[in-house]
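Residue-level structure breakdown
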Amino acid sequence: MTDTLATGTLEQALAHAERLLQRAPALAGEQAAEILKAAAGHPAALRLLAAARLGQGDVRGALEILEPLARSQPNWALAQLDLGLALGHDGRGQQAIAALRRAVALKPELPQAWRALGDHLMAAGEQEAADAAYASHVRHSTSDPQLLSAAIALVENRIPEAEALLRQHLKQAPTDVAAIRMFAEVAARLGRNEDALHLLERCLELAPGFDAARQNYAQVLHRSNRPEQALAQIERLLATAPTHPGYRNLKAVVLCRVGDYEPAIAIYAELLEQYPDNPKVWMSYGHALKTAGHTQRAIAAYRRSLEREPSFGEVWWSLANLKTFRFDADDLATMRRQLARADLAEDDRLHLEFAVGKALEDAGEYEPSFRHYAQGNAIRRAQLHYSADETSARVRHIRQRYTRGFFAARAGCGSSARDPIFVVGLPRSGSTLIEQILASHSQVEGTMELPEVTSITRMLRERAGADGEMPYHDALAALDAGALRELGERYLDNTRIQRKTAAPLFIDKMPNNFMHVGLIHLMLPNATIIDARRHPLACCFSGFKQHFARGQGFSYSLEDLGRYYRDYVALMAHFDAVLPGRIHRVFYERMVEDTEGEIRRLLDHCGLPFEESCLRFFQNERPVRTASSEQVRRPIYREGVDHWQNYAPWLVPLESTLGQVLQRYPEVPGFESDVAVSD
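Read on for a plain summary of the structure. Position numbers for residues start from 1 in each chain and track the written sequence from start to end. Only residues with pLDDT of at least 70 are given local features in this predicted model, and only at 80 or more are side-chain atom pairs given and counted; all residues enter the totals for whole chains, interfaces and linings. For the side-chain quantities, the full set of heavy atoms in the structure was used; hydrogens and water were omitted.

Every case where a carboxyl oxygen of Asp or Glu lies within 4 Å of a side-chain nitrogen of Lys or Arg is listed as a salt bridge. Going through the model one piece at a time under the given rule, you end up with 39 salt bridges. Among the salt bridges present, the one from Arg202 reaches Glu205, with a minimum N-O distance of 2.9 Å. Here the residue Arg202 and the residue Glu205 both occupy positions in helix α12 (residues 193-206), the gap between them amounting to three residues, near one helical turn. Using a relative accessible area of 33% as the deciding quantity, one classes Arg202 as partly exposed. Exposure remark for Glu205: the relative accessible area of 58% places this residue in the exposed category. Each of Arg60, Glu67, Asp90 and Arg92 takes part in salt bridges that share partners, so that together they form one network. Helix and strand assignments follow DSSP, with helices taken as H or I runs no shorter than four residues and strands as E runs no shorter than two, numbered in order from the N terminus. Each residue is placed in one exposure class: buried if its accessible area under a 1.4 Å probe, protein chains only, is under 20% of its type's maximum, exposed if it is over 50%, and partly exposed if it falls in between.

Set out below in structure tokens:
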């Protein structure tokens with residue numbers, strides 16, 4: 001190499017080094033070094049030398065070049081891209097995000113930058129921003145005009161248009177894996193998870209090394225309540241990229257789903273080394289710590305999140321949701337300052353209203369506390385499409401269909417296993433206390449609010465198609481003995497990953513399963529069903545001041561709560577009539593007044609001998625994944641029984657809606673017989 005290079009020779013040398021990069025990075029580095037001897041400080045040669053070092057695993061060596069290069073060439077998108085990639089390899093995720101954002105701002109048509117940005121954003125808990133980055137990656141990865149149009153429609157959330165374009169394209173090119181992956185994204189956004197899974201399976205069959213599709217596959221498996229399969233796919237991804245932040249974050253999320261909190265906590269701690277200033281990672285870390293029983297560490301993690309983003313409403317609510325935590329005067333002042341901001345995001349405002357309501361409740365300021373609770377509920381109610389009329393119609397339909405004759409005709413069907421103990425009822429009814437008591441028995445394992453029954457109803461609904469008012473119940477009625485047994489076995493198979501001990505029985509504490517008692521009885525006739533019930537005003541108001549993460553759309557209006565409680569009582573009364581003795585009811589107030597007597601009756605119904613450990617349930621250190629997690633780590637206390645009376649002046653709409661159900665409690669009023677108890 002001569003001391004000087006002609007322009008043509010220089011371009012040829014750079015092109016040669018670029019070609020060497022993939023197959024022989026060391027040789028590419030040597031070529032780049034020779035170019036730099038002749039053309040000192042040449043930006044393209046410096047970039048090549050950095051890429052060669054990165055290709056050889058010398059991350060620090062690459063950064064020694066890229067950091068000053070990016071500073072000297074602030075408008076060069078490729079330098080910012082390479083810097084972002086190298087920073088990610090060096091575990092400096094927060095800085096990587098900043099560099100990659102600069103890269104795509106300078107040159108949006110960089111698919112690799114969008115993909116890397118999406119990975120880092122996902123690892124940092126920025127799910128919406130990650131989804132947008134991944135969509136832009138898809139958009140800029142194709143030069144096919146039809147695919148490009150579909151990608152743009154996907155980015156802009158014009159889903160029907162994207163679906164039509166992709167259908168047309170796949171008719172002409174049925175093995176186009178990029179299009180199949182995009183079509184799976186369309187299906188996932190429409191809630192058609194089974195379709196998305198089939199498409200991604202086909203995609204990976206055609207291209208097993210298509211890691212972006214495998215990552216999508218793992219995510220959809222997770223959303224479809226198939227954590228074991230999701231983990232298997234994540235492990236395949238990590239085998240080729242063990243430090244990939246997005247894969248590690250997804251693994252932590254799924255591990256939390258199956259109750260493996262300690263390894264998830266370790267992953268979050270490692271991610272925080274990469275994203276030390278990211279409030280969402282601190283929040284996720286706090287959630288995992290809290291559920292595993294590390295309360296003080298969880299509080300510290302939440303505090304670290306709020307130091308970085310004082311307006312982060314979900315974190316303020318997470319502190320309030322510890323129940324045993326108390327805000328101080330400085331906390332309350334900070335929350336009020338944030339609420340006063342005109343630019344506060346609606347989601348932050350919603351959470352802050354609930355958190356301030358809890359702070360004022362603890363201070364005994366009940367009138368302003370109620371106002372904040374009411375405002376938080378009003379915001380959330382406006383976001384939802386809940387219909388109390390639809391719930392009432394659903395309950396009437398169930399009462400009409402599931403008669404004595406209906407069950408008699410199917411006697412002996414289902415799986416014979418007696419493993420599950422279902423604890424059902426309304427949220428905030430004492431179900432977590434019952435779970436903790438039972439889980440303190442040597443023969444019983446506590447798990448969580450398992451979503452498997454809901455997954456089975458979704459599968460039955462899909463099987464039935466869109467016809468019929470209540471297609472899940474119609475589909476269930478059509479099943480024969482073998483199919484009902486298969487449903488029971490499916491439930492047991494898909495919940496096995498949640499079981500960590502050799503205990504013969506386990507608890508499924510999904511409260512909303514009271515709507516599915518008919519299904520539970522048919523597929524698992526020997527399973528135990530416990531109904532947790534609490535005074536209507538205490539239960540409903542406790543639900544009103546609780547912001548649930550998902551699934552409780554009835555809880556954001558006092559009138560909706562009253563109607564839902566009435567429907568629940570009517571439905572359980574119906575099952576008491578058509579399946580006498582099948583359901584054991586535990587009244588929270590009786591549990592408080594006569595704890596040992598109620599525990600003995602509960603264990604007797606479950607076919608279990610009495611054990612003293614059930615009286616010391618508060619010493620059980622198992623993870624607890626509900627809003628009552630801190631409360632059940634203390635002995636039973638009476639103060640919660642009548643606490644709702646502090647808010648009595650503002651609960652008139654709830655009292656009025658509850659009517660006879662409130663006046664007759666704990667007895668059940670006679671419900672009008674618009675249903676057939678027997679055929």
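So, on to helix α4 (residues 59-72). Each residue after the first adds 1.5 Å to the expected span of a helix. For α4, with 14 residues, the first-to-last C-alpha span of 20 Å sits near the 20 Å given by 1.5 Å per residue. Looking at α4, one finds that the buried residues are Val59, Gly61, Ala62, Leu63, Ile65, Leu66, Leu69 and Ala70. The inward-facing, buried residues of α4 abut α3 (43-55) and α5 (77-89). Here, residues are in contact when the closest pair of their heavy atoms is within 4.5 Å.

The subject of this paragraph is the packing of aromatic side chains. Aromatic contacts are taken between Phe, Tyr and Trp rings whose centres are within 6.5 Å, Trp giving its six-membered ring; a plane angle under 30 degrees counts as stacked, one over 60 as edge-to-face, and the others as tilted. Counted by the stated rule, this structure contains 27 aromatic pairs. Here the aromatic rings of Phe514 and Tyr564 are separated by 5.8 Å at their centres, their planes lie at 85 degrees, and the arrangement is edge-to-face. Residue Phe514 is located in the loop between β3 (505-508) and α29 (517-523), and its partner Tyr564 is located in helix α31 (residues 558-578); the two are separated by 50 residues in the primary sequence. Like Phe514, the residue Tyr564 is buried in the burial classification. Members of the aromatic cluster, connected to one another through ring pairs, are Trp317, Phe354, Tyr366, Phe370, Tyr373, Phe541, Phe544, Tyr647 and Trp650. Our definition puts a charge over a ring when NZ of Lys or CZ of Arg is within 6 Å of the ring centre and also within 35 degrees of the ring normal. Over the aromatic face of Tyr588 sits the side chain of Arg534, whose NZ or CZ is 5.3 Å from the ring centroid. Here the guanidinium or amino end of Arg600 rests over the ring plane of Phe610, the centre of that ring lying 3.8 Å away.

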